[in-house]
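# Survey of secondary and tertiary structure
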Amino acid sequence: MDRVSHAERKKAEEELRYYAKNRDLPVEGEPAALNKDYDESAADEQRYGLNAQPSLDSDKLKGAIHVPENVDETTAYEEPNYRPPDFVPSDKVPGSALSPDAIQAQGTHTGPSVSVQEAEKTQVDDGIKRSPSHQSKLGHLKPHLQFLCGPMLKYDTVVDNVWYGAAMIVTVDQGSQYDPAPLFTYNWNNGTKKVDGQSIYVYRGSSGSFTFWRFMIDIPMSENESPVDYNINGGARNTFHIPAIGQHLRWIGQSCNGFSMGVNPADFNGPHKLWDDVLRQHSEKPYHTVVGGGDQIYCDILMREPELQDWVNEVDGKEKQKMPLTEAMSYALDRFFFNHYAKWFRAGSFGEAIAKIPQVNILDDHDLIDGFGSYPDELMFSPIFNKIGTCGFFWYLLFQQFTVMEVDGSRITAPHGYGEITDAQVKERERSEQLNIPTPKPHTFKSMIIGGDGVYVPFPTHNTLTYLGPKVYMLGLDCRAERKLDQMCSKTTWDIVFSAIRKLPEEVEQLVWLIGVPLLYPRMVFAEKFLEWKGNPLTHIGRHPWLGLNGFVNKFNKDAELLDDLNDHWCAKHHKKERNWFIEECQKLALECNLRISFLSGDVHAAAVGRTYSKKVEPTKDHKLMYNIVTSAIVNTPPPPPAAKLVNFLAKKHHKSLHYLKTEEDAVKLFEIDTNGEKSSFPYVMPRRNWTSIEFDDETGDLVYDIKIEIEKGSGTTKSYVIKSPPPRYK
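Residues numbered from 1 in each chain as written. Predicted model: local features only at pLDDT ≥ 70, side-chain atom pairs only at ≥ 80, totals over all residues. Heavy atoms only, no water.

## A look at the overall build of the protein chain
In terms of regular secondary structure, the protein chain is built from 19 helices and 23 strands. Residue burial in the protein chain is summarised as follows: out of 731 residues, 64% are buried. By sequence separation, contacts in the protein chain at least 24 residues apart represent 78% of the contacts at least 6 residues apart. By element, 51% of the accessible surface of the protein chain is carried by carbon and sulfur atoms, the whole surface being about 27,300 Å². (Helix = DSSP H or I, 4+ residues; strand = E, 2+ residues; numbered from the N terminus. Buried < 20%, exposed > 50% of the residue type's maximum accessible area, 1.4 Å probe, protein only. Contact = heavy atoms within 4.5 Å. Areas by Shrake-Rupley, 256 points an atom, 1.4 Å probe, with all protein chains shown as cover.)

Below, the structure is given as structure tokens:
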């Protein structure tokens, strides 16, 4: 078997020392307006932040994990070969009961309070270097707007042959003219329409105020696929594409869209080489939507903010948790999230892609901060760390979901928990309105499903159920708002999302669960037990920074680094019962609704395919056949070879934890041939950057996942590895 050598472990330790020494660099400043004081040359500015994405992730730590000598394919784990006690999702969290009189905590976030010291500052950076690949001419806008970020596109869903989505821009108030309001004009095969911008939020910072303008888009579909040309205030044109009536969408799966702290972007020729690949393939055969599986932005860099340094540098974990949240800290967090998002979401070919391909996103931990939700309560409820999660969730909703709860509603205003995802729901509401029957207001976005209230954040889960064609839907599951050490989602959320799925049209055959962390993936139980062990020497020496190995513990509570990553996984011991229950419920759902179920995940910075199935049953007739396609990362660095070899070794195991369901679980040997045509050292889990192209095959009924693996580091060119989710033919 392949083992981690002594030399490789020593190299990893040296890298950790370098990482610990060099990770705390100066804070980044505010982004400059894209077209401040409009002229033709300013309109040619490109969109790329050179050093946008360091973080506190722990890839390099993985190389220091020793493979125990007694590990083999039969003794690596303790796997039950019996039916465990029934798992019942917990509803013991605030506001999680489904009763109509349940108290619902509203998401309250009125924006940053400006301290006196910060209000006196007028520092604005001189702009950021921008990618030569994106010469985005904003055009001459009438009336003039000073763009800070955008345009960004969001895909909502299709109802009754009408395509729904939205666009959003962020403008600098000083120098922009808002009378009349910004105007979004779009043209398609059969018509043209103009939409006034809706101001959904204003951020007030030390250098001025900035307005978020949202434009709601609805387009009647036709017999032909259609390009949609759009502009804002008569400026430069851009184009996205919508499918024809009855046509299935071509779409992209991607995740981990940023670099971890300590990674040099120059090693990959910048952050956006695979986004260049996306745009090349989009130009040949346009995609209808790009699906983000979490970590669309890496926010761990907020640890560099100067106002947080006393908290960051406090070495006693208990004292750190007691530190009070100051006004300056609160302001700094909002300043960071606003600036960081505004830079990254306009950057390079990623910024270009989301102006051409509408997004559908869920979040994962780095959209907030590393491991949020997977730490003990005393850290999660501590004033500063809790505020980080609250701020991060607000800005995630705003930048990635185009949503502000006070504007768009919650489960209080839409008590059924979701928007109008089917024709029947629209007709039911219209009939009620005609009969003057009081009708709850649905969420602004028809695909949105509001679930149970957050445990550590004052926001409920925001899930989506999205049309991807007559026979394909996707459920984007928010596994972060309610996450605890022993919970992924509450009973409220599980009940609501399963109920919404059961209301889908009968012709739907393929259901994709979009979940940030893989459900079917090699176990790391021995590492989990080692890191939890109080005698773990790495944790002990890591708590003494003078030894130079403080990278072995995280900066939040001085637990072992990597332990939060392991606790975050479905296969962790804290989540295993919920995981097995989820799989069992999906098996029941597949049989009941004649659905083929698959899972799309990210998080692990590698490509893989996990699988559950029945023995000796033809695939199309096996309702237990479910694939988990893991596509990660489109930007971030892959794990080092020793860690990748370890995971590939563990992937050989056939797990017994689902035998009580008469279900087999293993990994698919998809990568036997490497990108250079030679035999691969990583046949199960490929440690290369990647993204996935997904398309429904109308002839066979297969949902085809085409995983695009980067051929060489930083090349931006890819090789295809295809896995097909077959149609359900159970009856």
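Here the narrative resumes.
## Some details on the environment of R237
The topology assignment puts R237 in the loop between strand 7 (226-232) and strand 8 (238-242). Distance in space between the C-alpha atoms of R237 and T185 is 9.6 Å, their sequence separation being 52 residues.

## Some remarks on the packing of aromatic side chains
A full pass over the atoms with the stated rule returns 47 aromatic pairs. Pairing Y201 with W395 gives two aromatic rings, centres 5.8 Å apart and planes at 90°, and the pair type is edge-to-face. Remark: W395 occurs in helix 11 (residues 383-401) and Y201 occurs in strand 5 (residues 198-205); sequence separation between them is 194 residues. Across the pair, W395 and Y201 agree in class, each one buried. Between Y230 and F240, the aromatic rings sit 6.0 Å apart at their centres with planes inclined by 50°, giving tilted as the arrangement. Pair noted here: Y230 is in strand 7 and F240 is in strand 8, with a separation of ten residues, a long-range link. One residue, K154, lies across the ring of F445, its end atom 4.9 Å from the ring centre. (Phe/Tyr/Trp six-rings, centres within 6.5 Å; stacked < 30°, edge-to-face > 60°. Lys NZ or Arg CZ within 6 Å of the ring centre and 35° of its normal.)

## Structural notes on the pairing of strand 10 (residues 289-292)
Residues T289 and V291 point to one face of strand 10 and V290 and G292 to the other, with burial holding for every one of them. Strand direction decides the pairing type here: strand 9 (residues 251-254) and strand 10, joined by four bridges, are parallel. Among the inter-strand pairings, I252 is bridged to a residue of strand 10, identified as V290. Note on the crossover from strand 9 through helix 5 (residues 273-284) to strand 10: the handedness is right-handed. Direction of pairing for strand 10 relative to strand 11 (residues 359-361): parallel, over a ladder of three bridges. When the bridges of strand 11 are listed, V290 appears paired with Q359. (Pairing = 2+ DSSP bridges. Right-handed = clockwise from strand over helix to strand, strands pointing away.)

## Details of the side chain of N690
Within the fold, N690 resides in strand 21 (residues 690-696). A residue is classified by how much of its surface remains accessible, and N690, at 0% relative accessible area, is buried. Engagement of the side chain of N690 in a polar contact is seen with the backbone oxygen of R688, the distance being 2.9 Å. Excluding anything up to four places from it in sequence, N690 contacts L274, A606, A607, V630, T631, S632, A633, I634, I707, K708 and I709. (Polar contact = N/O pair within 3.5 Å; in protein donor to acceptor, adjacent residues only side chain to side chain.)

## Describing the confidence of the model for the protein chain
When pLDDT is averaged across the protein chain, the result is 79; 72% of the residues are at 70 or more. A low-confidence stretch, residues 18-28 (pLDDT under 50), is modelled with 21 contacts involving residues beyond four sequence positions or located in other chains. With pLDDT under 50 throughout, residues 557-564 is counted as low confidence; its partners more than four residues away or in other chains account for 41 contacts. (pLDDT = per-residue confidence, 0-100.)

## Things to note about unusual backbone geometry
Peptide bonds are trans in most cases, and residues, glycine excluded, mostly fall at negative phi. Cis geometry marks the peptide bond from G150 to P151, where omega comes out at 5°. Within the element layout of this structure, P151 appears in strand 1 (residues 146-159). Of the consecutive residues S632 and A633, the connecting peptide bond is found in the cis state with omega at 5°. Locating A633 in the fold gives a position in the loop between strand 18 (626-630) and helix 19 (641-650). Here the phi dihedral of N161 falls at roughly 60°; this positive angle occurs in a residue that is not glycine. Position of N161 among the secondary structure elements: in the loop between strand 1 and strand 2 (162-172). Of note, the phi angle at K616 is positive, near 55°, even though the residue is not glycine. Positionally, K616 belongs in the loop between strand 17 (607-613) and strand 18.

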